[in-house]
Amino acid sequence: SSGINAEYGPIACIECGKRAILKRPKNRKELCKDCFYSVFEHEIHETIVKNNLFTKGETIAIGASGGKDSTVLAHIMKTLNDRHDYGLNLVLLSIDEGISGYRDDSLETVKRNQMQYSLPLTILSYQELYGWTMDAIVKEIGMKNNCTFCGVFRRQALDRGAAMLKCDKIVTGHNADDIAETVIMNILRGDIARLGRCTSISTGSEGMISRSKPFKYTYEKEIVMYAHFKKLDYFTTECIYSPNAYRGHARTFLKDLEKIRPRAILDIIKSGEDMAIKEEVKMPIQTTCKNCGYISSSELCKACIMLDGLNRGRPELSIGKNNKRKKILKMTAGKVNGVNGKSNEADSHINTVTQNIQEMF
């Protein structure tokens, strides 16, 4: 919005009366630039305080990809930590999935962010952790289901990296749009277990590092506007493997809803929070993977199943329902300390990386 009405002239900021330069996507209120900064930052601070996301003295790993969400998250966490004396020790944690022409470029942005915000940065790669890159995985499995592999490996990689750095919590740049999309996806897939978790502002089981989403109620468009007006340094190229992602359909649907009713995003999140599951419905029980110790709802976690499928040259067995997983479990029965030589090599990588990082800090 230019802040000018063709019939009545300049539009006044609803907060201070100065000339407005934008209209908030969330509520259509006109604001000047300074008032937008103030309202945007204050709302995120209120979210953090109201939900008790952090405790003074904690070490917080900021998931940094170089994109708009994680760059604004790093800027906001640094700003609010200094302004409100949260007393947090902030570190940047990046995962290199091994996507040529995409992640290597975005990591250069993260390295600049490290210097801009004076925060320590650690980069862990799929190659180090799993013995595979996403380029190699896509070459093996094709363009279908690649986002499933990447998402599973990245979530575990963040947890492993945070554990190596002895962090208390992880914060990610998941925004309101992301969460609403996930609600829609889980409803369409009938995934009751994930539907119950996806709207939580903090997630984490006992013994695991919890994750927090300070941007839970923050619209993606407002994050883009904030980054634009603040002239933040972020990477804008879309992942070369994401055009076929299932999430894209939910995103298109959500954007159409937003045009009609801006509050639709928050309404969907609220609906996800309010959905109740009947007591007689059997839910998966959270346990730990017998192979790697990571959180899982079955004997082996999804990452170990996928890694085993890749290493055996049968990645298709790791995608789908429990009947395929049972085949994997039978194949891997009795295996200890790595599913084969390649994962043993990955375990060795993990120990080496852990030792190197601990020496750095």
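The structure under discussion appears in the preceding block.
Remember, it's a predicted structure, so these values are computed and weren't measured experimentally. Every chain's residues receive numbers from 1 upward, in the order its sequence appears when written. Per-residue local features of the predicted model are confined to residues with pLDDT of at least 70, and side-chain atom pairs are confined, for both listing and counting, to 80 or more; whole-chain, interface and lining totals are unaffected and use all residues. With hydrogens and water excluded, all non-hydrogen atoms of the structure serve as input to the side-chain values.

Colleague: Summarise the environment of His75; cite the residues concerned and give the values.
Modeller: Helix and strand assignments follow DSSP, with helices taken as H or I runs no shorter than four residues and strands as E runs no shorter than two, numbered in order from the N terminus. The topology assignment puts His75 in helix α2 (residues 68-83). On the accessibility criterion, His75 (13% relative accessible area) is buried. Distance from His75 to Leu232, taken between C-alpha atoms, is 8.4 Å for residues 157 residues apart in sequence. Only heavy atoms enter the contact rule, under which two residues are in contact if any of them lie within 4.5 Å. With near-sequence residues (within four places) excluded, His75 lies in contact with Tyr117, Tyr226, Lys230 and Leu232. In this structure the side chain of His75 is engaged in a polar contact, spanning 3.3 Å, whose partner is the side chain of Tyr226. Type-normalised accessible area, obtained with a 1.4 Å probe on protein chains alone, sets the label of each residue: buried when under 20%, exposed when over 50%, and partly exposed for intermediate values. For the purposes of these results, a polar contact is taken to be a pair of N or O atoms within 3.5 Å, where, inside protein, one atom must be able to donate a hydrogen and its partner to accept one; residues adjacent in sequence count only when each atom of the pair is a side-chain atom.

Colleague: Residue-level account of the state of the cysteines, with values.
Modeller: The disulfide criterion used throughout: a pair of cysteine sulfur atoms within 2.5 Å. A complete count under the given rule lists 0 disulfides for this structure. There is no disulfide at Cys35, and the cysteine sulfur nearest it, in Cys32, is 3.5 Å away. On the basis of relative accessible area, Cys35 is assigned to the buried category, the value being 14%. Of all cysteine sulfurs, the one in Cys239 lies closest to Cys147, which takes part in no disulfide; the gap is 6.4 Å.

Colleague: So what about the packing of aromatic side chains? Which residues, and what values?
Modeller: The criterion for an aromatic pair is that two Phe, Tyr or Trp rings (for Trp, the six-membered ring) have centres within 6.5 Å, with stacked assigned to planes under 30 degrees apart, edge-to-face to planes over 60 apart and tilted to the rest. Within the structure shown, the criterion is met by 9 aromatic pairs. Measuring from centroid to centroid gives 4.5 Å for Tyr130 and Phe153, while their planes differ by 25°, and the two rings are stacked. Of this pair, Tyr130 sits in helix α4 (residues 126-130) while Phe153 sits in helix α6 (residues 146-164); the two residues are 23 residues apart in sequence, bridging distant segments of the chain. Since its relative accessible area comes to 2%, Tyr130 is described here as buried. Exposure remark for Phe153: the relative accessible area of 1% places this residue in the buried category. Counting every residue linked through ring pairs, the aromatic cluster contains Phe36, Tyr37, Phe40 and Tyr226. Distance and angle both matter: a charge sits over a ring if NZ of Lys or CZ of Arg is within 6 Å of the ring centre and within 35 degrees of the ring normal. Over the ring of Tyr37 we find Lys230, and its NZ or CZ is 4.3 Å from the ring centre.

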